[in-house]
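Breakdown of the fold
The chain contents come next:
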Amino acid sequence: MSIFTLQSVQKDFGIKEILKDASFSLDTTDKVGLIGTNGSGKSTLLKMIAGLEPIDGGQILVNPGVRIVYLPQQPDLDENHTVLEQVFADSDEQMSLIRDYEELSHKLARNSEDRQLMARLSDVNQKMETTGAWELETNAKIILTQLGIEDFDARIGDLSGGYRKRIALATALLSEPDVLLMDEPTNHLDAMSVEWLQSYLNGYRGAILLITHDRYFLDRVTNRIIEIDRADLYSYSGNYSYYLEKKALAEDAAASQERKHQGVLRRELEWLKRGPKARSTKQKARIDRIHEMQDKEFQQAQGKVEISTPGRRIGKKVIELENVSKGYDDCTLIKEFTYEFNPDDRVGIIGENGTGKSTLMDIITGRLQPDSGKVEIGATVHIGYFDQHSEHLLTALNENQRVIDYLKEIAEYVQTADGTLITASQMLERFLFPGNQQYAPIHKLSGGEKRRLFLLRVLMSAPNVLILDEPTNDLDVQTLSVLEDYLEAFNGCVIVVSHDRYFLDRTVNKIFAFEEGGNLRQYPGNYSIYLDYKQAENAEAAQQSAKSQSKKEASSNAEKSEKQSSSNGKSRRLSNWEKREFEELESKIPQLEAEKAEIEKTLYNASPGKVTQVQELYEKLEVLNQSIDTATERWLELAEMES
């Protein structure tokens, strides 16, 4: 059953046509991913469906009674609200009851004998059960906590943009509308929060239409993909992987059809050049058909960003950090971090929001001085820094500057890696900025187009150390794919801060993870291999906890057994065979522990490319842990009898 339908919708901003004849419908079971290059009109389409942007032609039909909730990239929240007040902004009755309950609870805690307060609290409690306020408050706190927000009384005005986006996301999820329209919901979320949101949306009972750059997220949440390509809409049933497969087949088929068309046209033109006389109706028809074939247009393959920029030699010394520490107030962000970056390093830096990732990047680039320690940068190093806030800075400082003038500040001509000399205008064309956009002011660009423009400026400066701080925010999936290919062949050091699991899997071979107390721990391999390490560590921690609990229980049982033996006046002595077993176990358990430590060391230093070897080591470690547990339990049993 369709919830809403677009019929021949048109939208044109003058310098760019967004939609020329768009038609599609959304069903109750649809979870749709909306994709397209930056500036293609994805956010505009969501705004039109939400009723926030007018259409130039056609119509949008929404079924009566359908409730649509729109989550924009930059939500508008009341700065004077607390977190909970904002989440319940559309639930006035429940919010009032929750406030009354909290206030009465605080008063009753100070005066527990006040019968009048107890009666009022009981009345409010009953009303909360009747209106469902209890369940609403519980769900709100669960969702907020999963999204990394634990201070429910914090004032919105005191929170960062990232936290505001999370609160707006929680508000949208709690409202449980018939249709959720979400523009980049995974921006500003760490990997764990993205995993939770992914799971939550998989079980969501309403329809979803979302824009996201997270390709793992697209793959696991959506059951349909809609692509905007040069003002046309194309629908694919299936997730992102299915879309990629069908898109490639469609482009191959279109290219094959065009080749056949050109072959036929060439033969017909050769016939025409021989000058046949139009004596018959058949000959006239053939000539008319040739003219029709010449006029036929084929849909070209979607425009793709081309990255081919100048390179720069890099020496052996790149960036060296020695005992670098940084903190604010009583919070230590970075503690005695030491590392020497190599020319071919591909490092991914991960951690929860606020742990110090961007602070570390600012220290490396010299924007920020450490509290202690030192940073040395090689003489040949030229850093290109793609800051996660670059597009805001770009707009604030240059909002009326023309796009091409902004790029010409770096260079009017560049020589690419293959030796080709191209102009700034040609480079903009490669980055999907057509001529009419190049002479438009920067403020006319979309957020994603500004990010793409700044990326081009960074790359045109010919860096040999590339630092990317959340590069996937607001960049379309097509640009990200090309950027990943570019980084693969990049001749220099790459340092990436990102929550995008797919991007990290494609681009890095080493992970630095921020842990408690400002410690940075190093893991070999990409993000998926890092997760394998963490799962193994968590499993081992659980085993150690179980072993500790087992020892406590064994010790308790031994004490009980000793007391019982003492009270009965009886005590069983070990047999000669049991004594030998006890002695063997005392030497065997340390050997097993040493073997385990050796395997863990090998795992830690394993090459990221040797996936099979890593898997075999994990299996050996699991068997070894079981052997240690069994031997320890038997040793404890014999030790009880020996005593």
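Residues numbered from 1 in each chain as written. Predicted model: local features only at pLDDT ≥ 70, side-chain atom pairs only at ≥ 80, totals over all residues. Heavy atoms only, no water.

1. Examining the overall build of the chain
The test is simple: Note on conventions: DSSP H or I runs of at least 4 residues are helices, E runs of at least 2 residues are strands, and numbering of each starts at the N terminus. Burial classes follow relative accessibility: with a 1.4 Å probe on protein chains only, a residue under 20% of its type's maximum area counts as buried, one over 50% as exposed, and anything between as partly exposed. What makes two residues a contact is simply this: any of their non-hydrogen atoms within 4.5 Å.
Of regular secondary structure, the chain possesses 21 helices and 20 strands. Buried residues in the chain amount to 45% of all 643 residues. When contacts within the chain are restricted to residue pairs at least 6 apart in sequence, long-range pairs at least 24 apart make up 68% of them.

2. Quick word on helix α1 (residues 42–49)
In terms of residue burial, α1 counts as a mostly covered element, since six of its eight residues are buried. Within α1 the residues assigned to the buried category are K42, T44, L45, L46, M48 and I49. Downstream of α1 by a residue or two, G51 has a phi angle that is positive, lying close to 85 degrees.

3. Re the sheet that holds strand β4 (residues 57–62)
Convention followed: We call two strands paired when DSSP finds no fewer than two bridges between them. Axis lines are fitted to C-alpha atoms, over the contacting stretch for helices. Their N-to-C directions set the angle, which ranges from 0 to 180 degrees.
Pairing is antiparallel across the open sheet formed by three strands, whose spatial order is β2-β1-β4. This sheet does not close on itself; its edge strands, each paired only once, are β2 (17–27) and β4. On average, each strand axis in the sheet is inclined to that of its neighbour by 10 degrees, with strand direction left out of account. Where strand β1 (residues 2–12) meets β4, five bridges bridge the pair, whose relative direction is antiparallel. Opposite Q7, over in β4, you have Q59 as the bridge partner. Each of β1, β2 and β4 touches α1; the most contacted strand, β1, lies at about 125 degrees to it.

4. Things to note about the nonpolar core
As a rule of thumb, soluble globular proteins bury nonpolar side chains together. Rules: For our purposes a nonpolar core is just a set of buried Ala, Val, Leu, Ile, Met, Phe, Trp, Tyr and Cys residues, chained together by side-chain atoms within 4.5 Å.
Ranked by internal contacts, the top residues of the largest apolar core, which has 52 residues, are L180 and L201. Among the elements that make up this core, the one with the highest residue count is helix α6 (residues 161–175) (seven residues). What L180 contacts, discounting residues up to four positions off in sequence, is V69, A172, L173, L201, Y204, A207, I208 and L209. Grouped together as the second largest cluster of nonpolar side chains are 46 residues, F386, F454, L459 and L466 included.

5. Let's talk about the packing of aromatic side chains
How we decide: Stacked, tilted and edge-to-face are the three classes applied to pairs of Phe, Tyr and Trp rings, where Trp contributes its six-membered ring and a pair requires centres within 6.5 Å; stacked means planes under 30 degrees apart, edge-to-face means over 60, and tilted covers the rest. Only lysine NZ and arginine CZ atoms are considered, and such an atom sits over a ring when it is within 6 Å of the ring centre and within 35 degrees of the ring normal.
Tallied over the full model, the rule gives 14 aromatic pairs. Seen in terms of ring centroids, F4 and F24 are 6.2 Å apart; in terms of plane orientation they differ by 75 degrees. Their pairing is edge-to-face. Note that F4 is positioned in strand β1 and F24 in strand β2, a separation of 20 residues in sequence. Taking the relative accessible area as the measure of exposure, F4 reaches 0% and is therefore buried. A relative accessible area of 9% places F24 in the buried class. Seen from their ring centres, Y236 and Y243 are 5.1 Å apart, and the 80 degrees between their planes marks the pair as edge-to-face. Residue Y236 is classed as buried on the basis of its relative accessible area of 12%. Linked through ring pairs, F337, Y339, F341 and F512 together constitute an aromatic cluster. Geometry around Y163 places R166 over its ring, the cationic atom sitting 5.2 Å from the centre. One residue, R452, lies across the ring of F433, its end atom 5.0 Å from the ring centre.

6. Things to note about the sheet that holds strand β8 (residues 224–229)
Read across the sheet, six strands follow the order β5-β6-β7-β3-β8-β9 without closing on themselves; strand pairing throughout is mixed. Pairing within the sheet leaves two strands with one partner each, and these edge strands are β5 (68–71) and β9 (232–237). Along the sheet, successive strands turn relative to each other by an average axial angle of 15 degrees, direction set aside. Of the pairings in the sheet, the one linking strand β3 (residues 31–35) to β8 comprises four bridges and is parallel in character. Looking across to β8, one finds that L34 is bridged to I226.

7. Quick look at the environment of A89
Note that A89 resides in the loop between α2 (83–87) and α3 (92–110). Residue classification places A89 among the partly exposed positions, given a relative accessible area of 31%. Along the chain, A89 and L77 lie twelve residues apart, while their C-alpha atoms are 9.8 Å from each other.

8. A short note on unusual backbone geometry
Trans is the prevailing form of peptide bonds, just as negative phi is the prevailing case for residues other than glycine. Positive phi, normally seen in glycine, also occurs at E184, with a value near 55 degrees. Tracing the sequence through the fold places E184 in the loop between β6 (179–183) and α7 (191–202). On the accessibility criterion, E184 (5% relative accessible area) is buried. The backbone of D329 shows a phi angle near 55 degrees, a positive value even though the residue is not glycine. Along the chain, D329 turns up in the loop between β10 (319–328) and β11 (331–341).

9. Brief notes about the pattern of salt bridges
Spelled out, the test is: The rule for a salt bridge is simple: a side-chain nitrogen of Lys or Arg has to be within 4 Å of a carboxyl oxygen of Asp or Glu.
All told, the structure shown has 27 salt bridges when counted by the stated rule. E409 is the salt-bridge partner of R457, the closest N and O atoms lying 2.9 Å from each other. Note that R457 is positioned in helix α16 (residues 447–460) and E409 in the loop between α13 (403–408) and β15 (413–415), a separation of 48 residues in sequence. Residue classification places E409 among the partly exposed residues on the basis of a relative accessible area of 47%.

Nothing here speaks to function; it is geometry throughout.
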